[in-house]
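Listed below are the residues making up each chain.
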Amino acid sequence: MRIVDLRSDTITKPTPAMRRAMADAEVGDDVFGDDPTVKRLEEMAAARMGKEAALFVASGTMGNLVSLLAQCGRGDEVIVGDQAHSYVYEQGGMAALGGIHPRVLRIQPNGTLDLDEIVAAIRDPHNPHFPKSRLITVENTHNRCGGSPLTVEYMRSIGKLAREHGLLLHLDGARIFNAAIALGVDVKALVADADSLTFCLSKGLAAPVGSVVCGSKPFIAEARRARKVVGGAMRQVGVIAAAGIVALEQMVDRLAEDHANAHVLAAGLAEIPGLQVDEVSVRTNIIYFETTRPDVDAPCLVARLEEAGVRMGVVGRRRIRAVLNYHVTAADVQAAQARMGAALAPDTCEDTVGSSAYED
Ligand SMILES: Cc1ncc(COP(=O)(O)O)c(C=O)c1O
């Protein structure tokens, strides 16, 4: 049976072109600035984003962390959404390692922060009781808000707001190319207002490892220092960066296929009794849906699906996430839908309801 793995787009494996590029990569000691492949990737990434410079890092988490470490001091405050990856899933690294205080605002269903709420959250710089507001961070696409893309207009508005209040804007653009493709805009327009951004090569773009941080030259110099102190300066890392180059050259446009498959799967799931999915909210490659059957909670359904050769992620007691990716074809989507219908058909899951671990 062919497994349909929809747990995440991070499960994607390097393409044959990536493996060839990795084998053939010219390398050097990147801490000495000697690795030509890393340099090429960084130049490509900066040009693609319309920024002065870029820095190759090990992961999206490291990209977000070094971006904040480079721009915020101890006791500075970062305005962040309560569903942001950097707030929920990165061990509170900004606080744990940077002494940076998160000011958490409720995220709106479309992944945006309300601009009035941001203004209200900005601290009076003359009052010594408060931390200093320093930076706003946004996420595009927004993972926990159904992969929703934040528009160019929104990015412009929040950038303007940040500048008017003397704040910096960081963009967690782990899936920024998904946003650009879904919106039909040049990625440069989406990142123009960000002082710093990070995007991932290792998600929908299918590279095995790595993310890139982009911004001004002085910012990247500071981010490079921050990368060193968190142990992220690597040596002959061109062997990995080579796959990132292929990802940028060959894997961006095909993300549209993942989006098309996501629409088809969401429509199919909506037809299955016992599932609730808001098809309209599916804009990129991420689908969230819920089981409404009292006898089948999310851990139970995901366990049944695993047996049927379909992998998905539990994100709440009733909530499940499916992420379309490079290894999932249109035929796989049909198979997944059929297997889900069967998994929800006959008996109950009473013995497993509530017993599995899940994270919300
Ligand atoms: C929006 C977002 N930002 C950052 C990350 C972190 O990336 P990594 O897993 O490479 O640390 C993820 C990972 O899924 C993500 O979804």
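Residues numbered from 1 in each chain as written. Predicted model: local features only at pLDDT ≥ 70, side-chain atom pairs only at ≥ 80, totals over all residues. Heavy atoms only, no water.

1. Quick word on the overall build of the protein
A tally of helices and strands in the protein yields 14 helices and 13 strands. Taken against the 2.2 N^0.38 rule, which gives 21 Å for 360 residues, the C-alpha radius of gyration of the protein at 21 Å falls within 12% of a compact globule. Seen through its C-alpha atoms, the protein measures out along the principal axes to roughly 60 × 55 × 35 Å. For the protein, with 360 residues in total, the buried portion stands at 55%. (Helix = DSSP H or I, 4+ residues; strand = E, 2+ residues; numbered from the N terminus. Rg over C-alpha atoms; globule rule 2.2 N^0.38 Å. Buried < 20%, exposed > 50% of the residue type's maximum accessible area, 1.4 Å probe, protein only.)

2. As for the packing of helix 12 (residues 255–270) against helix 14 (residues 330–343)
Closest axis-to-axis distance for the helix 12/helix 14 pair is 10 Å, and the angle between their directions is 20°. In terms of orientation, helix 12 lies roughly parallel with respect to helix 14. Where helix 12 crosses over helix 14, the handedness of that crossing is right-handed. Contact residues: N261, V264, L265, G268 and L269 in helix 12; A330, V333, Q334, Q337 and M340 in helix 14. Of the residues in the contact of helix 12 with helix 14, the class split is 6 nonpolar, 4 polar and no charged. (Axes fitted to C-alpha atoms, helices over the stretch in contact; angles between N-to-C directions. Parallel < 35°, antiparallel > 145°, perpendicular 65-115°, else oblique. Left-handed = near helix turned anticlockwise from the far one by under 90°. Contact = heavy atoms within 4.5 Å. Nonpolar A, V, L, I, M, F, W, Y, C, P; charged D, E, K, R; others polar.)

3. Side note on a nonpolar patch on the surface
Taken together, the side chains of Y87, V88, Y89 and V104 present a nonpolar region at the surface, about 280 Å² in accessible area. One can find V88 in helix 4 (residues 85–88). (Patch = residues over 30% accessible without salt bridge, like charges linked within 9 Å, V, L, I, M, F, W, Y side chains within 5 Å. Areas by Shrake-Rupley, 256 points an atom, 1.4 Å probe, with all protein chains shown as cover. Salt bridge = Lys/Arg side-chain N within 4 Å of Asp/Glu carboxyl O.)

4. Focus: the confidence of the model for the protein
Taken over all residues, the pLDDT of the protein has a mean of 95, while the share at 70 or more is 96%. Within the model, the stretch residues 353–360 combines pLDDT values under 50 with 18 contacts to residues more than four positions away or in other chains. (pLDDT = per-residue confidence, 0-100.)

5. What to know about helix 8 (residues 176–183)
Taken together, the buried positions of helix 8 are occupied by I176, F177, N178, A179 and A180. Check the buried side of helix 8 and you find it contacts helix 2 (36–49), strand 6 (168–172), helix 9 (187–191), strand 7 (196–200), helix 11 (238–250) and helix 12. One or two steps after helix 8, the chain reaches G184, where phi turns positive at roughly 70°.

6. Overview of the packing of aromatic side chains
In this description, an aromatic ring pair is defined by two values, namely the gap between the centres and the angle between the planes. A complete count under the given rule lists 1 aromatic pair for this structure. Aromatic pair F177 and F199: ring centres 5.5 Å apart, planes at 85°, arrangement edge-to-face. Taken as a pair, F177 in helix 8 and F199 in strand 7 lie far apart in primary sequence, 22 residues in all. In this structure, F177 and F199 share a single accessibility class: buried. (Phe/Tyr/Trp six-rings, centres within 6.5 Å; stacked < 30°, edge-to-face > 60°.)

7. Topic: the site of the ligand
As a matter of local geometry, the ligand sits amid S59, G60, T61, N64, H85, E90, E139, N143, D172, A174, R175 and K203. A distance of 2.9 Å is found between an oxygen atom of the ligand and a side-chain nitrogen or oxygen belonging to N143. Contacts to the ligand include D172, whose side-chain N or O atom sits 2.6 Å from a nitrogen atom. Protein coverage of the free-state accessible area of the ligand, which is 390 Å², stands at 84%. With 3 residues, the single largest contributor to the shell around the ligand is helix 3 (residues 60–71). (Near = heavy atom within 4 Å. Polar contact = N/O pair within 3.5 Å; in protein donor to acceptor, adjacent residues only side chain to side chain.)

8. With respect to the environment of H85
Structurally, H85 is set in helix 4. Assessed through its relative accessible area of 24%, H85 is described here as partly exposed. As a C-alpha pair, H85 and E139 span 54 residues in sequence and 7.8 Å in three-dimensional space. Here H85 is in contact with T61, E90, E139, N143 and D172, once residues within four sequence places are set aside.

9. Digging into unusual backbone geometry
Following N140, the chain continues to T141 via a peptide bond in cis, the omega torsion being -5°. Of note, T141 is situated in the loop between strand 5 (132–139) and helix 7 (152–164). For Q91, which is not glycine, the phi dihedral falls at a positive 55°. As for its placement among the helices and strands, Q91 is situated in the loop between helix 4 and helix 5 (93–98). Of note in the backbone geometry, A206 takes a positive phi value of approximately 75° without being a glycine. Topologically, A206 is positioned in the loop between strand 7 and strand 8 (211–215). The exposure class assigned to A206 is buried, which follows from its relative accessible area of 0%.

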